[in-house]
Amino acid sequence: MTTSDQLRYTKIELNHGSGALPAVGFGTLIPDPGATGRATGDALDVGFRHLDCAERYRNEAAVGDAIQRAFQAGTLRREELFVTTKLWNTNHRPERVKPAFAGSCRRLQLDDVDCYLIHTPFAFRPGDEQDPRDAQGQVIYDSGVTLVETWHAMERLVDDGHCRSIGLSDITLPRLREIVTAARIKPAVVQVESHPFLPEWELLDFCRQHGIVVQAFAALGHAMAPKLLEDPVILDIAARVQRTPAQVALAWAVQRGTAFLTTSTRRQRLEESFDISSLPEDAMQAIRDCIRTRVRYNTVVETGVPGFIARAS
Ligand SMILES: NC(=O)c1ccc[n+]([C@@H]2O[C@H](COP(=O)([O-])OP(=O)(O)OC[C@H]3O[C@@H](n4cnc5c(N)ncnc54)[C@H](OP(=O)(O)O)[C@@H]3O)[C@@H](O)[C@H]2O)c1
């Protein structure tokens, strides 16, 4: 049986900015702001010290309120908490980056953000409409700005002092190479979908070489079909080490050197997901060698189209 160890407290050093990213992260992609506030409060209470947010989620204020409640209760200090938020697709024009960042800080009620990510590499028509569509229902992209131009505006945020580190999300390896080549300040973090059905080893190797931390979202397969938590290799390891399938998938993520993001509105599941312990080496190897299923649940990397449309199970 696997006994409790320090795996859940793993921190990964960033290549710029201050400090380190807690590998165990709570994601705030929860549609209802009331539920977001309650779940964020529970996540902080359970021990999560890394929150993933986004302008796109339209609930930064609820996350900010939950953080403030923990500060006021004396159960959390700012320096213990790592907060990531993201620049939405409609704000890629360089002159829109600083106001968008300031808006996120204001809603989160924070003077500084630990990491700011470009949410996707796709620029949408600038404006207040997050999901601009034409009469045929097609997304209206913005060809008037390049990703490199947006990146340089992100670098200026770091210069200004309130954004401690910057990175990219939903990025492919070729586009990441492009930014790494052009950057004055290299990406500190890359957030992509990753789990045992989508291990992204090549991207992970590139990130390791360049000191970039990979943050894996959908670490439990987003509860979509085919179900990661019902995979026979995961089930077999879970039975062997007397842990749940979710704990196996999350421990694997940390042990191979990534941070992960998971989300639940149920406190018991948050407790379970925080309570991870190291897996034996042969279990790590079995996940790498014996799982053959390959699935990308989230097609945002192909289109930038917002939303996470669940497949039918
Ligand atoms: N950059 C991007 O484009 C992007 C895209 C998607 C997500 N994200 C980030 O990544 C975060 C996590 O994404 P995700 O929702 O895909 O995460 P996930 O953890 O893979 O999936 C969450 C689902 O798993 C269930 N679950 C949670 N804990 C469980 C456990 N211990 N055992 C069994 N099932 C469990 C939840 O159900 P219940 O809620 O019913 O418990 C929920 O349906 C998001 O909140 C967001 O911050 C980023």
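Residues numbered from 1 in each chain as written. Predicted model: local features only at pLDDT ≥ 70, side-chain atom pairs only at ≥ 80, totals over all residues. Heavy atoms only, no water.

Engineer: Quick one: what's the story with the environment of lysine 227, residue by residue and with numbers?
Structural biologist: If you trace the backbone, lysine 227 turns up in the loop between strand S9 (213-217) and helix H7 (232-241). The spacing of lysine 227 and phenylalanine 197 is 30 residues in sequence and 9.6 Å in space, taken between C-alpha atoms. (Helix = DSSP H or I, 4+ residues; strand = E, 2+ residues; numbered from the N terminus.)

Engineer: Run through the environment of arginine 96, naming residues and quoting values.
Structural biologist: Assignment of secondary structure puts arginine 96 in helix H3 (residues 94-108). Owing to a relative accessible area of 25%, arginine 96 belongs among the partly exposed residues under this scheme. Residues arginine 96 and proline 187 lie 91 residues apart in sequence; the distance between their C-alpha atoms is 20 Å. At a separation of 3.3 Å, a polar atom in the side chain of arginine 96 contacts the main-chain carbonyl oxygen of glycine 127. (Buried < 20%, exposed > 50% of the residue type's maximum accessible area, 1.4 Å probe, protein only. Polar contact = N/O pair within 3.5 Å; in protein donor to acceptor, adjacent residues only side chain to side chain.)

Engineer: Outline the sheet that holds strand S4 (residues 50-52), supporting the account with residue identities and numerical values.
Structural biologist: Ordered in space as S3-S4-S5-S6-S7-S8-S9-S10, the eight strands form a closed barrel in which the pairing is parallel. Across the sheet, the mean angle from the axis of one strand to that of its neighbour is 25°, orientation sign disregarded. Inspection of the sheet shows strand S6 (residues 115-118) paired to strand S7 (residues 166-169) by three bridges, in the parallel sense. Opposite isoleucine 118, over in S7, you have leucine 168 as the bridge partner. (Pairing = 2+ DSSP bridges. Axes fitted to C-alpha atoms, helices over the stretch in contact; angles between N-to-C directions.)

Engineer: Go over the site of the ligand with me, naming the residues and quoting the values.
Structural biologist: Not every one of the 29 residues close to the ligand is listed here, only the nearest: Asp170, His222, Thr262, Thr263 and Ser264. Glycine 27 places a main-chain nitrogen or oxygen 3.4 Å from an oxygen atom of the ligand. Take threonine 263: an N or O atom from its side chain is 2.5 Å from an oxygen atom of the ligand. Taking 920 Å² as the accessible area of the ligand by itself, protein coverage stands at 89%. Breaking the shell around the ligand down by element, the ones donating at least two residues are strand S10 (259-262) and helix H9 (267-274). The element that contributes the greatest number of residues to the shell around the ligand is H9, accounting for three residues. When grouped by side-chain class, the residues that make up the shell around the ligand number 11 nonpolar, 13 polar and five charged. (Near = heavy atom within 4 Å. Areas by Shrake-Rupley, 256 points an atom, 1.4 Å probe, with all protein chains shown as cover. Nonpolar A, V, L, I, M, F, W, Y, C, P; charged D, E, K, R; others polar.)

Engineer: Break down the side chain of aspartate 112 for me, citing the residues and quoting the values.
Structural biologist: Looking at the element boundaries, aspartate 112 is found in the loop between H3 and S6. Residue contacts for aspartate 112: discarding those within four places in its chain leaves Arg78, Gly161, His162 and Arg164. (Contact = heavy atoms within 4.5 Å.)

Engineer: So what about the pattern of salt bridges? Which residues, and what values?
Structural biologist: Applying the stated rule across the entire model yields 20 salt bridges. Here lysine 86 makes a salt bridge to aspartate 52, at a shortest N to O gap of 2.8 Å. You can see lysine 86 sitting in strand S5 (residues 82-87) and its partner aspartate 52 sitting in strand S4, a full 34 residues away along the chain. Taking the relative accessible area as the measure of exposure, aspartate 52 reaches 3% and is therefore buried. Close ionic contact of arginine 296 with glutamate 200 constitutes a salt bridge, the shortest N to O distance being 3.3 Å. Taken together, the positions of arginine 296 in the loop between helix H10 (281-290) and helix H11 (300-303) and glutamate 200 in the loop between strand S8 (189-193) and helix H6 (201-209) put the pair 96 residues apart, joining distant regions of the chain. (Salt bridge = Lys/Arg side-chain N within 4 Å of Asp/Glu carboxyl O.)

Engineer: Which residues make up the packing of aromatic side chains, and what are the values?
Structural biologist: What the rule picks out here adds up to eight aromatic pairs. With a centroid separation of 6.0 Å and an interplanar angle of 75°, the aromatic rings of tyrosine 9 and phenylalanine 274 are classed as edge-to-face. Linking tyrosine 9 in the segment before strand S1 (11-13) with phenylalanine 274 in helix H9, this pair joins segments that are 265 residues apart in sequence. Aromatic pair phenylalanine 101 and tyrosine 116: ring centres 4.9 Å apart, planes at 70°, arrangement edge-to-face. Of the two residues, phenylalanine 101 sits in helix H3 while tyrosine 116 sits in strand S6, which places them 15 residues apart along the sequence. Across the pair, tyrosine 116 and phenylalanine 101 agree in class, each one buried. In textbook terms, an aromatic cluster arises when at least three aromatic residues are bridged by ring pairs, as seen for Tyr9, Phe26, Phe48 and Phe274. It is arginine 256 that lies over the ring of tryptophan 201; its NZ or CZ is 4.7 Å from the centre. (Phe/Tyr/Trp six-rings, centres within 6.5 Å; stacked < 30°, edge-to-face > 60°. Lys NZ or Arg CZ within 6 Å of the ring centre and 35° of its normal.)

Engineer: Any chance you could break down empty space enclosed by the protein for me, citing the residues and the numbers?
Structural biologist: This model, assessed by the stated rule, comprises one cavity of 30 Å³ or more. The calculated volume of the largest cavity comes to roughly 40 Å³. For the largest cavity, the full set of lining residues is Ser194, His195, Ala216, Ala219, Ala249, Trp252, Ala253, Arg256 and Thr258. Classifying every residue of the lining of the largest cavity by side-chain character gives five nonpolar, three polar and one charged. (1 Å grid on protein atoms, 1.4 Å probe; cavity = no way out; pocket = protein on both sides within 12 Å on 5 of 7 lines; lining within 4 Å. Points joined across faces, edges and corners; volume = space filled by probe spheres on them.)

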